[in-house]
Amino acid sequence: MVSALAFVLVSLGAPVLAHAADAAPASKELGAVDLSGTALSRAEAKPDTPDADEAPPLPPRKKGVVLDSRIGVMGFTGDLAQLVTTAPWANLQVGYEIFSWLMIYGQGELAFSTTGGDGRTRTRAFPILGFGGGLRITVHATERVALFLQPGIGAIVADVPERALAIYGYEALESLGLSLNGRLGVEWYALSRHFALGLSGGPRFAPSLARATANATAGLAWDAGAGLRYTF
């Protein structure tokens, strides 16, 4: 009886064990597929992205209408330097860049000086007005640093009561007179494509700055200043 019962149990259990043995590799293979699929989905879910530390490229420099303001000083040479003081000076330019290296511009300027620079003559404050135009040639040393040369032509006049300067031999300075100037400068361009900071200076020649005498020195002056440039 016992032998018969054992035979029945073995007969019934053998197929179950065989089925479990066959199913185990399948489950293992399925698990491998699932793990592989999970790894693949994770890789696909994380696309390639640029390095967060990598800076974006700088925008191109803007070219167009330029507003350039400058403050500084205007000084004088020769006989005039003995009569008038070095003057605070302001200059405003509006230009258009035909090319990235060439700009045409118009400008106006204002300086305030006084007579009595030598301490002996009567002190009189007066403004000097000027306007004109010219060209600016720019050469970039780097993307953000540039040098420029700016020749110009215009006119200047001292706004004084009649004959206030004529009695010193500078009657011509009381009327509009020719002014030729040249300016050399350097500019530093900000990360913004609109802004730049600059330093510049140079000489100017104006016949009205010379005294009306046979042995007068040449009518020379100079200006120097710092400026802010904005390109629209």
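Because the structure is a prediction, the values reported are computed rather than measured.

Draft legend 1. Structural context of the overall build of the chain. Summing up its helical and strand segments, the chain has two helices and eight strands in all. Summarising the internal contacts of the chain: among those between residues at least 6 apart in sequence, 60% fall at separations of at least 24. Per element, the accessible surface of the chain, about 14100 Å² overall, is 68% carbon and sulfur.

Draft legend 2. Up close: the packing of aromatic side chains. Counted by the stated rule, this structure contains three aromatic pairs. A ring pair is formed by phenylalanine 195 and tyrosine 230, whose centres lie 4.9 Å apart and whose planes are at 70 degrees; its orientation type is edge-to-face. On the criterion of sequence distance, the pair formed by phenylalanine 195 in strand S7 (residues 195–205) and tyrosine 230 in strand S8 (residues 220–231) is long-range, its members being 35 residues apart. Ring centres 5.0 Å apart and planes at 75 degrees place the aromatic pair tyrosine 230 and phenylalanine 232 in the edge-to-face group. Under the relative-accessibility criterion, tyrosine 230 is labelled partly exposed at 27%. Members of the aromatic cluster, connected to one another through ring pairs, are Phe195, Tyr230 and Phe232.

Draft legend 3. Focus on the pattern of salt bridges. On inspection of all chains with the given rule, the structure shows nine salt bridges. For arginine 136, the salt bridge goes to aspartate 68, with nearest N and O atoms at 2.9 Å. A residue pair is termed long-range when its members are at least 10 positions apart, and arginine 136 in strand S4 (residues 125–140) and aspartate 68 in strand S1 (residues 65–76) qualify at 68 residues. In this pair, the class of arginine 136 matches that of aspartate 68, namely buried. As a salt-bridge pair, arginine 204 and aspartate 223 come within 2.9 Å of each other at their nearest N and O atoms. Taken together, the positions of arginine 204 in strand S7 and aspartate 223 in strand S8 put the pair 19 residues apart, joining distant regions of the chain.

Draft legend 4. Examining the sheet that holds strand S6 (residues 177–189) more closely. Taken together, the eight strands give a closed barrel; going around it, the order is S1-S2-S3-S4-S5-S6-S7-S8, and neighbouring strands pair in antiparallel fashion. With direction set aside, neighbouring strand axes in the sheet form an average angle of 25 degrees. Here strand S5 (residues 145–158) runs beside S6; their pairing, made up of 12 bridges, is antiparallel. The residue bridging alanine 155 from the neighbouring strand is leucine 178, located in S6.

Draft legend 5. How the structure looks around the environment of glycine 201. Within the fold, glycine 201 resides in strand S7. Ignoring anything within four residues of it in the chain, the contact list for glycine 201 reads Gly182, Arg183, Leu184, Asp223 and Ala224.

Cut-offs used in this document
- Residues numbered from 1 in each chain as written.
- Predicted model: local features only at pLDDT ≥ 70, side-chain atom pairs only at ≥ 80, totals over all residues.
- Heavy atoms only, no water.
- Helix = DSSP H or I, 4+ residues; strand = E, 2+ residues; numbered from the N terminus.
- Contact = heavy atoms within 4.5 Å.
- Areas by Shrake-Rupley, 256 points an atom, 1.4 Å probe, with all protein chains shown as cover.
- Phe/Tyr/Trp six-rings, centres within 6.5 Å; stacked < 30°, edge-to-face > 60°.
- Buried < 20%, exposed > 50% of the residue type's maximum accessible area, 1.4 Å probe, protein only.
- Salt bridge = Lys/Arg side-chain N within 4 Å of Asp/Glu carboxyl O.
- Pairing = 2+ DSSP bridges.
- Axes fitted to C-alpha atoms, helices over the stretch in contact; angles between N-to-C directions.

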